[in-house]
Amino acid sequence: MGRPRSFDEDEVVRAAVGLFGGRAYDGVSVDDLVSHLGLHRNSLYKTFGSKRGLYLIALRRHLADDVRPLLDALAGAPDAAAVLRLITSADLGLLLLATVDRAPADEEVASEVEAALAAVDRAIADALGVPADLAAALTAAALGLLLRGAPDAAATALSRQLIPPT
């Protein structure tokens, strides 16, 4: 009979979200996981199967804990400026890294990313009553602002162009 777990799986997954969201998949080694998450290598493999297994669980947790609340907030967005503010203030680090880092090489990650981005597009389209292609363009612009850094000033400038003062 094995030893009882000496770690909280939920805490480990949440910490993995932060680790993968800060460094990307290839920037995190198994040794990094072991030392930063406070679990033994055998526990990591027994509980999550592999580094990739933990990554997928962490990605899904990020989507549930960080992206799902964004979707709910977007549903109440009154205008494009609010959409930009909501997206650029959300914690989407792991989603962004998964999009550019893992999705091109991992079909399962690609599927999760595509579904999340499509949900963001739908939430924007529904909230603003705009066509799907315009909502997708707004999503892309907002995510681009996040990737470029300092999104607040750029989001303000872009929202002024989208909705000129009356």
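Just above, that's the structure.
Rules behind the numbers
Residues numbered from 1 in each chain as written. Predicted model: local features only at pLDDT ≥ 70, side-chain atom pairs only at ≥ 80, totals over all residues. Heavy atoms only, no water. Phe/Tyr/Trp six-rings, centres within 6.5 Å; stacked < 30°, edge-to-face > 60°. Helix = DSSP H or I, 4+ residues; strand = E, 2+ residues; numbered from the N terminus. Buried < 20%, exposed > 50% of the residue type's maximum accessible area, 1.4 Å probe, protein only. Expected span 1.5 Å × (residues − 1). Contact = heavy atoms within 4.5 Å. Polar contact = N/O pair within 3.5 Å; in protein donor to acceptor, adjacent residues only side chain to side chain. Salt bridge = Lys/Arg side-chain N within 4 Å of Asp/Glu carboxyl O.

Caption draft 1: Quick peek at the packing of aromatic side chains. All chains considered together, the criterion is met by three aromatic pairs. When the ring of Phe20 is compared with that of Tyr55, the centres are 5.0 Å apart and the planes differ by 85°; the resulting orientation is edge-to-face. With Phe20 in helix α1 (residues 9-23) and Tyr55 in helix α4 (residues 51-75), this pair connects stretches of sequence that are 35 residues apart. Residue classification places Phe20 among the buried residues on the basis of a relative accessible area of 0%. For the ring pair Tyr25 and Tyr55, a centre distance of 5.1 Å and an interplane angle of 80° mean the geometry is edge-to-face.

Caption draft 2: Structural context of α1. Along its 15 residues, α1 runs 21 Å from first to last C-alpha, staying within 8% of the 21 Å computed at 1.5 Å per residue. Regarding α1, the residues found buried are Val12, Val13, Ala16, Val17, Leu19 and Phe20. Buried positions along α1 lie against α2 (30-37), α3 (41-48), α4 and α6 (93-102). Where α1 begins, the side chain of Asp8 points an oxygen toward the backbone nitrogen of Asp10, at a separation of 2.9 Å.

Caption draft 3: Examining the pattern of salt bridges more closely. For the structure on display, the rule yields 11 salt bridges. Where Arg52 meets Glu108, a salt bridge forms, and the shortest distance between an N and an O atom there is 3.0 Å. Highlighted residues: Arg52 in helix α4 and Glu108 in helix α7 (residues 107-128), separated in sequence by 56 residues. Here the salt bridges do not stand alone but share partners, grouping Arg52, Arg60, Arg102, Asp106, Glu108 and Glu112 into one network.

Caption draft 4: The arrangement of the environment of Arg102 in detail. Position of Arg102 among the secondary structure elements: in helix α6. A residue is classified by how much of its surface remains accessible, and Arg102, at 14% relative accessible area, is buried. Excluding residues that lie within four positions of it along the chain, Arg102 makes contacts with Tyr25, Asp26, Tyr55, Leu97 and Val109.

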